[in-house]
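Given next are the chains, with one letter for each unit.
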Amino acid sequence: MGTHYFKPLPFFLLIAFLQPSEAQTTREQTGKFRLFGKVIDAKAKSPLPGASVLIIDIAHGQSTDSDGGFSFTGLEQGRYRIITRFVGYVDDTVSILLTQDREQNIKMLAVDVELPAVTVTGRNQQDDLTGSNRSISVLTPEDLDRTRGQTLGATLEQIPGVTVLQTGPSISKPVVRGLHSERILVLNGGVPQEGQQWGGEHAPEIDPFAASRIEVLKGAAGVEYGAGAIGGVIRIEPKPWKETPGIDGQLTLNGFSNNRQGASSLFLEGAHEWLPGFAWHLRGSFRKAGNTEAPDYILGNTSFHEFDGSVGAGYSIDRTSLEVQYSNFDTELGIYRGSHIGSISDLQRAINAGRPLTDYPFTYDVRPPKQDITHELWSLKAGYSFPSVGQFELQFGRQSNHRQEFDAYRFFNNVQTLPTRAAFDLTLTTYTLDIKLKHDPVANFYGTIGASGMRQGNVDQGSSYLIPNFRSYSGGVYIIEAWTEDFLTLNAGIRYDYRLMRVYPHPPQLATGSTHNYSNVSGALGATYQFASEWSISGNLGTAFRPPSINELFSYGVHHGTAEFEIGDPNLKNERSYSADVTLRYIGEKNRAELSAYNNYMQDFIFLFPNPAPVLTLRGAFPSFSYKQANSVLRGIDGSIEYYCADWYSIGATLSIVRGQNLVTNEPLFQMPSDRLRLSSTFYWAASALFEKPYIELSTTLVRRQDRYPPNVDYLPPPPGYVTANVVIGANVIVGNQRLQCSLSVHNLFDHAYRDYLSRFRYYVDEPGRDFTLRLNIPFGGSDQKVSQ
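Residues numbered from 1 in each chain as written. Predicted model: local features only at pLDDT ≥ 70, side-chain atom pairs only at ≥ 80, totals over all residues. Heavy atoms only, no water.

## Let's talk about the overall build of the chain
The test is simple: Starting at the N terminus, helices and strands are each numbered in turn, a helix being any DSSP run of H or I of at least four residues and a strand any DSSP run of E of at least two. The contact definition used throughout considers only heavy atoms, calling two residues in contact when any of these lie within 4.5 Å. Here the Shrake-Rupley method, with its probe set to 1.4 Å, supplies the accessible areas, and only the displayed protein chains count as covering residues.
If you tally the helices and strands in the chain, you get six helices and 45 strands. Residue pairs in contact within the chain that sit at least 24 positions apart in sequence constitute 68% of those at least 6 positions apart. For the chain, the accessible area works out to roughly 32400 Å², and carbon and sulfur atoms hold 57% of it.

Dropping the structure here:
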């Protein structure tokens, strides 16, 4: 059944990818804005030619022309800090929110003494070429609108170099260049997301409707973000604060056919004339789904219910800003019932059967085995711009993550019953504090000095043991500096981190407590060179470290979410990464492409490895896995291309290839992502009185069978390669003077039965079958949502 090769594309998709010759496009790129204006003398009202205007956040600047004018194009939506300097004038620093093309005139005050000027050479208009020496992928609001209501992992799958580790249809977590869990830092509104992500099925507890923009930084980023960002950073940003007076909002409604899921989210935001600089927002989201269906059967007990809410307020005046946010994530989700087996013989029979041993009916009920998860987040952020110094920022966060996991059944006096008490009842409480100063440019140098701290404690009140109670304290200091001139940017950074972890006794598995200390240094060097008007090349060398997590050290028991018996090793050492990567970028007026290659040497790499035989417990038979450590290397390439062949037609592609090798045994690493290629073709039609921006996107994902795996260690060899086809049809529908955003998508169009190598349940069942999804966004209140008459 297996094959190492991609299956042929459907004929109509092949036709769609044929490229017209000498075609040009007039379609404008979306999500990019222009910032322009003049620098003038505040009293004389005369222009100031040659003044230096620098956007600090992206390190791009230029000198004003003979009329005092400046213009930056290709900017993403967001908040930017602009510093303007001119000899004989007081430095001017302003913070602006960019949501559309904007004119920003700057008035400067003259002084009697001559001040030093900042020399910043004007940049090419394609700012993205030199914006970062790292590979960074961005999902704009328009990109996110096409996947609203899905998990974070499913949303990020469209990014090259990102795959997902799945535990059933409702749980997925991002895998960036072969690394996941504690090695990937998720920033939720600037606060490090600290859930109990030590489990492969512990997905980030984040409202899928909340993100307005997502950035994925691929590769080690331990200098700025600390121990834990050894594999990359995912930044999830909420919608910027509203600036114009009034109340706006948006109602999002989703329907999914496969599991009959209904999802909705209501968002409100406001700003008021009676208090300039003040804004607020409010969101409530709800999702309810029944059992998921594979092409030939129903996956029993895969339904889930979820409710999320958030509220926030911000105030900004002159040089000061203050923000406060609160969010709550609450979900109850079932774990596939057929993964919890009563005996070793039944386990082998379930694996060999290739499908569920029981025919399950469709239901919305959630029964054990299941998870109940609640995550609360409080955030307070303050900022102040010191004249001639820089921008000072402070952010404090408090998080409480409550996770309950229930067995499929329990035994009492040899009688099997449903559990009434959670096997695991874990409460993780985390306090974080981040302080940084982004100093103003000095002789073409700019950078950030910062410090961070974290206090964390976990308490288990369940009936079973998997990890002990613990408390940890972490702290770090760092400095990052960059230098830019003409088309070259150089940067460097260094950081020191320290972590103290106290582990408490948990009889009978852990009779005594212990204290563990970890410390080390992270560093990075990078360069970006724009060697042509539309081309740049970037390189980065870095080293980062990660202390072993509590589960890697002390796990011993059945992990109910993954239906695995996990065994830790208290003698594990720090994991250290030595990485090198290079990124080639092309950004033309209409088209763009990026290709990255990387090599990541991991000293004492920690991984979960299958043991030869399953383990039989009072709760049943489970595959057994142990945490091990070995020097390893991960290397690969990933890239993307987007090309507009005509004003009615575009094509795109993303590629991800990763290779992991255990250097001690000279064998491939276990559970590395398979090679994958995604191809897409999008057709656009002219607007009409009823439809605006109509389009249809055809895409296919080709996944190669993973033939690089350690032999004779897994319970099943990797599944065959597969191809899935998807279709999305969308448009803005004009109803009266209101603009509604609508789309209909079909995932797994041909209802193909397949299994993914990174699915935790691939031993038992197929992936979900065909799924129709209807999405409707109804904006209201804002004049920008109205149709011009």
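## Considering the pattern of salt bridges
Rules: Basic side-chain nitrogens of Lys or Arg form a salt bridge, by our definition, when they fall within 4 Å of a carboxyl oxygen of Asp or Glu. Buried means the residue's accessible area, taken with a 1.4 Å probe over protein chains only, is under 20% of the maximum for its type, while exposed means over 50%, and partly exposed covers the values in between.
The full count for this structure, using the stated rule, is 30 salt bridges. Residue Asp-359 pairs with Arg-355 through a salt bridge whose shortest N-O separation is 3.7 Å. For Arg-355, a relative accessible area of 33% translates into the label partly exposed. Between Glu-697 and Arg-678 there is a salt bridge whose closest N-O contact spans 3.3 Å.

## Considerations on the pairing of strand S23 (residues 390-406)
What counts is decided by this rule: When DSSP finds two or more bridges between a pair of strands, those strands are recorded as paired.
The buried fraction of S23 is high, at twelve of 17 residues. Where strand S22 (residues 370-386) meets S23, 17 bridges bridge the pair, whose relative direction is antiparallel. Note that in S23 the partner of Leu-380 across the bridge is Phe-396. Linking S22 back to S23 in an antiparallel pair, the connection comprises three residues, with Ser-388 at a positive phi of about 60°. One ladder, built from 16 bridges, connects S23 with strand S26 (residues 424-442); its direction is antiparallel. Within S26, the residue paired with Gln-395 across the bridge is Asp-434.

## Notes on unusual backbone geometry
That bond from Pro-368 to Pro-369 is cis: its omega, 5°, falls within 30 degrees of zero. Summarising the element assignment, Pro-369 is placed in the loop between helix H5 (344-353) and S22.

## So, the sheet that holds strand S5 (residues 78-85)
Heads up, the rule is: To obtain an axis, a line is fitted to C-alpha atoms, over the contacting stretch when the element is a helix, and the angle between two such axes runs from 0 to 180 degrees between their N-to-C directions.
With antiparallel pairing, four strands are arranged side by side in an open sheet as S3-S2-S5-S6. Lying at the two open borders of the sheet, with one neighbouring strand each, are strand S3 (60-63) and strand S6 (92-98). Each strand axis lies, on average, 20° off the axis of its neighbour in the sheet, ignoring direction. Judged from the four bridges that link them, strand S2 (residues 52-55) and S5 form a sheet pairing that is antiparallel. Bridge pairing links Val-53 to Thr-84 in S5.

## Focus: the environment of Leu-97
Residue placement: Leu-97 occurs in strand S6. A relative accessible area of 5% places Leu-97 in the buried class. With 144 residues separating them along the chain, Leu-97 and Trp-241 place their C-alpha atoms 8.1 Å apart.

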